[in-house]
Amino acid sequence: MMSRVKIIIHGAVQGVGFRPFVYRLAGELGIKGWIINSSQGVFIDAEGNNKTVNDFLTRLKTDKPKNSFIQSFEYSYLDPAGFEKFEIKESKESGAKTALVLPDISTCDDCIKEIFDPNDRRYLYPFTNCTNCGPRFSIIKSLPYDRANTTMSEFEMCPECNAEYTDPMNRRFHAEPIACPKCGPQVELWNRKGEILTSKNEAISIAAELLLKGMVIALKGIGGYQLIADARNSDAVKMLRTRKRRNEKPFALMFPNLDAVKQECELSEAEEKLLTSVESPIVLVKKKKGVTSILSIECATGNPYLGVMLPYSPLHHILMRKLNIPVIATSGNISEEPICIDETSSLEKLGCIADYFLVNNRKIMRHVDDSIARIISGREMIIRRARGYAPLPVQIEGLSKPVMAAGAHLKNTVALNKDSNVFISQHIGDLENVESISAFKNVINDFEKFYEITPVLNVCDLHPDYISTKYIKELGGNTLQVQHHWAHILSCMAENNIEGKVLGVSWDGTGYGTDGTIWGGEFLVPNGNNFKRAAHLKTFRLPGGEKAIHEIWRIGYALLYDVFRIEAAKYINHDKKELVIIDQMLNKGINSPVTSSMGRLFDGVASILNIRQKVNFEAQGAMELEFAAELTESEMSTYNFEIEYNSEIMIINWHLILQEIVTDLNIGISKNIISAKFHNTLTEIILSIAKKLKFERVILTGGCFQNKFLIEKSISKLQKNGYKVYWHQRVPTNDGGISLGQIKYASLSSNPSPHREGKKAISL
Ligand code: ZN
Ligand code: ZN
Ligand code: FE
């Protein structure tokens, strides 16, 4: 099989013989395509058979010229183009230079060696970095990226650091955050009152001792505070849960090294690569079966996966080497607020969560959470995009003017473009509390100031009540609103660089539809900047509205009621008096909004299978349904469903699915098998809609496709049937990707394209 990748490399890859190296490597492997140097980085378009392309990707990094280094290496798969040769293209040095800000990069091997070398002057120094590693985005105040414009400007370089900084042959030549124990930042250990207990190395040693005694430590990391606790100690983990008001949501873990991860988790080659990458995200990996775990069950209950990361800053390396145990490393915040980045707010907010504070005097300019990723069909998929990834741009052609996109409501990110570079912000969070909303406004201001951009157009969601929508409306000026599921599809198209005829499957929990109802099980067909709603899930009611999202038994009952009417109460174990009230709500449509949401269908089925009746965090029901299905990899059968026609729109009727689920339950079929059959049915639905519409290409997007079982089954079924499938890789498939889709929409709306036929923007 042929494959083609688009590669963007940033770092010191210019003036060091990088292009000739790539040219020679391509020739040796038989790769076709081209390479170009620009002020924005090195771009490579490479095509060859699968194995060759993989070798090429690996060797670009392993065999690179001695004096070059790669700070970021992004690639995504494209449709083969049939290149005939490999060529070095003329550099594009005309036009404005886009000063790219790099993400924060995990500590490199050379620096780690120095940190643990007793003879090195940076021995056990927790702020060691070089041009290959260290903080970037989290410390930069303004462009260009010079020391004077970072929070390191407060520290005057000592003569030794200055000598390294100014020596072109040194690894620290122009390493802007360069520091050493003599001249750089230092750590201190504080108590809850903010009193200094000790400093420097002793602070780290004592913090380690306190952790082993079951204390919770608030640690000032790269992009904000983390809360650290001994992951083996159930009392410590339980205490952290209580204090943080975090019930069942799994905690992320940091392991001292890769071997320690392997003792607890199954790691594929791709997962291992992602864990040890310069981005160093939290990776969702499967717990190992049949081994005695040293982890407390409290870390992640009812979840076959663990969110795992490795030390990524010198401070983490030093602490983790002292501890040599896995620790909880969760965001330093109260429930869903943004993470704390300074001492004042951390003492105030985390004072009743952490027992001690491991602080330092290097200022953090902006919050950057740990990113979360998982491997889907052999490729990385970013679920939360922040440290290591933000603010690397995505390219969208056709943007003649600066646009700002406000994103959605949950998992909010914002985006801003400078020419074809679209900068997606770091993860901000759910805009449900004062702190997140002010973080949202701050990030917008920060981005506009930082890139010196005054947007001439603002884009937001169609939902009139989203905080992000209201904010944009209050700003006034030119405004576009984009339907939520359409934005998901545009985001996936932008990331995969595709245009034209394609079927967009956009499945998530909630989004405001053009008819004013809640959508979420949508099949949309792009047509220029507009779309046609080709198919959707048959609608059902959410009795109690918002309440039904938490008490998912309400959804389960509403679904059963649609199918079995008065008989429905037989299939649910719930207070009958309460059900009578729900009956009335459903019959009269009181406080029971109508939805076509796939996420809510998942919730309802989770309730009917009695997997869960109330959720403690978003998508908990759907996740547990996914985990049940995963226990039955070989289950291939499906349920029946009907496709009805309502004039032009196909309605996917799930009544038969429900009837058959109830039958299966009655004859004692296991929940795991029922769940697998339910998932298989959904992939069958995608296939049958694609067949009916005669599309060759299918996009899978929306929060539902974080479900590994669902997306991997869908991809393989579609591919087996000859379809080309596209999904998200570097941009979240959840609402974190909406801002990119909104900018893509602006690019289609401001520049007439042949596909567009002069249509007006929808829903204005
Ligand atoms: Zn380094
Ligand atoms: Zn120094
Ligand atoms: Fe969504």
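Now for a look at the structure at hand. (Residues numbered from 1 in each chain as written. Chains lettered and ligands numbered in written order. Predicted model: local features only at pLDDT ≥ 70, side-chain atom pairs only at ≥ 80, totals over all residues. Heavy atoms only, no water.)

A few points about the overall build of the protein chain
In step 1: Along its length, the protein chain carries 22 helices and 31 strands.
In step 2: Against the globule reference of 27 Å for 764 residues, the protein chain gives a C-alpha radius of gyration of 26 Å, in line with a compact fold.
In step 3: Its C-alpha atoms give the protein chain principal-axis dimensions of about 80 × 65 × 55 Å.
In step 4: Put simply, the protein chain has 764 residues, and 61% of those count as buried.
In step 5: Counted over contacts in the protein chain with a minimum sequence separation of 6, partners at least 24 positions apart contribute 72%.
In step 6: Roughly 29,600 Å² of accessible area belongs to the protein chain as shown, and the carbon and sulfur atoms make up 50% of that amount.
In step 7: Looking at the protein chain, you have 91 positive and 88 negative side-chain charges, and the mean spots of the two groups are 1 Å apart. (Helix = DSSP H or I, 4+ residues; strand = E, 2+ residues; numbered from the N terminus. Rg over C-alpha atoms; globule rule 2.2 N^0.38 Å. Buried < 20%, exposed > 50% of the residue type's maximum accessible area, 1.4 Å probe, protein only. Contact = heavy atoms within 4.5 Å. Areas by Shrake-Rupley, 256 points an atom, 1.4 Å probe, with all protein chains shown as cover. Lys, Arg positive; Asp, Glu negative; His and termini not counted. Charge placed at Lys NZ, Arg CZ, Asp CG, Glu CD.)

A few points about the nonpolar core
In step 1: In terms of nonpolar packing, the biggest core is built from 69 residues, with Trp507, Phe523 and Leu700 touching the most fellow members.
In step 2: Ranked by residues supplied to this core, first place goes to helix H15 (residues 553-564) with 9 residues. (Core = buried A, V, L, I, M, F, W, Y, C linked by side-chain atoms within 4.5 Å.)

A look at the sheet that holds strand S18 (residues 403-405)
In step 1: Strand order in the open sheet made by the 6 strands is S17-S20-S19-S18-S21-S22, with mixed pairing throughout. Looking along the sheet, the strands with just one partner apiece sit at the ends: strand S17 (393-395) and strand S22 (479-482). This sheet shows a mean twist of 25° between the axes of neighbouring strands, independent of strand direction.
In step 2: Both strand S21 (residues 457-461) and S22 contribute to a ladder of 4 bridges, which runs parallel. Of the residues in S22, the one forming a bridge with Cys460 is Gln481. (Pairing = 2+ DSSP bridges. Axes fitted to C-alpha atoms, helices over the stretch in contact; angles between N-to-C directions.)

Re the pattern of salt bridges
In step 1: Within the structure shown, the criterion is met by 38 salt bridges.
In step 2: Salt-bridge contacts for Arg554 lead to Glu551; the nearest nitrogen and oxygen are separated by 2.9 Å.
In step 3: Close ionic contact of Lys717 with Glu684 constitutes a salt bridge, the shortest N to O distance being 2.6 Å. In this pair, Lys717 is assigned in helix H21 (residues 708-720) and Glu684 in helix H20 (residues 671-693), connecting sequence segments 33 residues apart. (Salt bridge = Lys/Arg side-chain N within 4 Å of Asp/Glu carboxyl O.)

Let's talk about the coordination of the zinc ion (ligand 1)
In step 1: Protein-derived coordination of the zinc ion (ligand 1) comes from Cys108 (SG), Cys111 (SG), Cys130 (SG) and Cys133 (SG), at a distance range of 2.3 Å.
In step 2: In this structure, the zinc ion (ligand 1) is coordinated by 4 donor atoms arranged in tetrahedral fashion, with angles at the metal of 103 to 119°.
In step 3: All donor residues of the zinc ion (ligand 1) come from one chain, and their arrangement in sequence is C-x2-C-x18-C-x2-C. On the criterion of sequence distance, the pair formed by Cys111 in helix H3 (residues 109-115) and Cys130 in the loop between H3 and helix H4 (159-166) is long-range, its members being 19 residues apart.
In step 4: With a relative accessible area of 0%, Cys111 lands in the buried category.
In step 5: Judged by relative accessible area, Cys130 falls into the buried class, the value being 0%. (Donors = N, O, S within 2.8 Å, 3.2 Å for Na, K, Ca; no water. Tetrahedral: all angles 85-135°; square planar, octahedral: opposite > 155°, others 65-115°.)

Focus: helix H11 (residues 434-450)
In step 1: Helix length check: H11, at 17 residues, gives a terminal C-alpha distance of 24 Å against a target of 24 Å (1.5 Å per residue), a fit within 8%.
In step 2: Burial in H11 covers these residues: Ser436, Ile437, Ala439, Phe440, Val443, Ile444, Phe447 and Phe450. The buried residues of H11 occupy an angular sector of 170° when projected down its axis, which confines them to one face. Pointing more than 90 degrees away from the buried face of H11 are the exposed residues Val434 and Lys449.
In step 3: Buried residues in H11 make contact with S18, strand S19 (415-418), strand S20 (421-424) and helix H12 (467-475).
In step 4: Glu452 lies just past H11 and shows a positive phi near 50°. (Expected span 1.5 Å × (residues − 1). Arc of directions from axis to C-beta.)

Points about the coordination of the zinc ion (ligand 2)
In step 1: At this site the zinc ion (ligand 2) is bound by Cys158 (SG), Cys161 (SG), Cys180 (SG) and Cys183 (SG), with donor distances of 2.2 to 2.4 Å.
In step 2: Motif for the zinc ion (ligand 2), donor spacing along one chain: C-x2-C-x18-C-x2-C. Accessibility assignment for this pair places Cys158 and Cys161 in one class, buried.

Considerations on the side chain of Asp461
In step 1: Inspection of the secondary structure assignment puts Asp461 in strand S21.
In step 2: Of the side chains bearing the opposite charge, Lys473 lies closest to the buried Asp461, which forms no salt bridge; the N-O distance is 9.9 Å.
In step 3: A distance of 2.9 Å separates a polar atom in the side chain of Asp461 from the backbone nitrogen of His463.
In step 4: A distance of 3.0 Å separates the side chain of Asp461 from the side chain of His484, its partner in a polar contact.
In step 5: Those residues in contact with Asp461 that lie beyond four places of it in its chain are Gly407, Tyr466, Thr469, Gln481, Val482, His484, Tyr512 and Gln742. (Polar contact = N/O pair within 3.5 Å; in protein donor to acceptor, adjacent residues only side chain to side chain.)

Overview of the pairing of S19
In step 1: Where S18 lies against S19, 2 bridges are found, and the strand directions are antiparallel. Paired with Met404 across the bridge in S19 is Leu416.
In step 2: In this structure, S19 lies alongside S20, joined through 4 bridges in antiparallel fashion. Within the sheet, the bridge partner assigned to Asn417 lies in S20 and is Val422.
In step 3: Between S19 and S20, which pair antiparallel and follow one another directly, the connecting turn spans 2 residues, one of which, Asp419, has a positive phi of 50°.

Some points on the sheet that holds strand S14 (residues 356-360)
In step 1: Sheet architecture is open: 11 strands sit in the order S7-S6-S14-S8-S9-S13-S10-S12-S11-S15-S16, paired in mixed fashion. The open sheet has two edge strands with one neighbour each: strand S7 (196-199) and strand S16 (379-384). Each neighbouring strand pair of the sheet contributes to a mean axis angle of 35°, computed without reference to strand direction.
In step 2: Of the pairings in the sheet, the one linking strand S9 (residues 225-230) to strand S13 (residues 327-331) comprises 5 bridges and is antiparallel in character.

Let's talk about unusual backbone geometry
In step 1: At the junction of Ala390 and Pro391, the peptide bond is cis and its omega measures out at 0° in the coordinates.
In step 2: Within the element layout of this structure, Pro391 appears in the loop between S16 and S17.
In step 3: Even without a glycine there, the phi angle at Ser377 is positive, about 45°.
In step 4: Relative to the helices and strands, Ser377 is located in the loop between strand S15 (372-376) and S16.
In step 5: Of the residues examined, Ser377 reaches a relative accessible area of 30% and is grouped as partly exposed.

Structural notes on the packing of H15 against helix H19 (residues 655-666)
In step 1: For the pair H15 and H19, interaxial distance at closest approach is 10 Å and the crossing angle is 100°. In terms of orientation, H15 lies roughly perpendicular with respect to H19. Between H15, through Leu559, Leu560, Asp562, Val563 and Phe564, and H19, the contact on the second element is made entirely by His655, Leu658, Gln659 and Val662.
In step 2: Within the contact of H15 with H19, the residues separate by chemical class into 6 nonpolar, 2 polar and 1 charged. (Parallel < 35°, antiparallel > 145°, perpendicular 65-115°, else oblique. Nonpolar A, V, L, I, M, F, W, Y, C, P; charged D, E, K, R; others polar.)

Comments concerning the packing of aromatic side chains
In step 1: Enumeration over the complete set of coordinates arrives at 18 aromatic pairs.
In step 2: A ring pair is formed by Trp486 and Phe531, whose centres lie 5.5 Å apart and whose planes are at 45°; its orientation type is tilted. Remark: Phe531 occurs in strand S25 (residues 530-537) and Trp486 occurs in helix H13 (residues 484-496); sequence separation between them is 45 residues.
In step 3: By relative accessible area, which is 0% here, Trp486 ends up buried.
In step 4: Ring plane angle 90° and centroid distance 5.7 Å describe the contact between Phe540 and Trp654, whose orientation is recorded as edge-to-face. Of this pair, Phe540 sits in strand S26 (residues 540-541) while Trp654 sits in the loop between strand S29 (649-653) and H19; the two residues are 114 residues apart in sequence, bridging distant segments of the chain. As far as the burial class goes, Phe540 and Trp654 line up, both buried.
In step 5: Each member of the aromatic cluster is reached from another via a ring pair, and the members are Phe137, Phe423, Phe447, Phe450 and Tyr451.
In step 6: Above the plane of the ring of Phe450 lies Arg366, whose end atom (NZ or CZ) is 5.0 Å from the centre. (Phe/Tyr/Trp six-rings, centres within 6.5 Å; stacked < 30°, edge-to-face > 60°. Lys NZ or Arg CZ within 6 Å of the ring centre and 35° of its normal.)

Here's the deal with the pairing of S14
In step 1: Judged by how many residues are buried, S14 sits mostly within the fold: 4 of 5 residues are covered.
In step 2: Across 3 bridges, strand S8 (residues 217-220) lies against S14 in parallel orientation. By the bridge assignment, Leu219 is partnered in S14 with Leu358.

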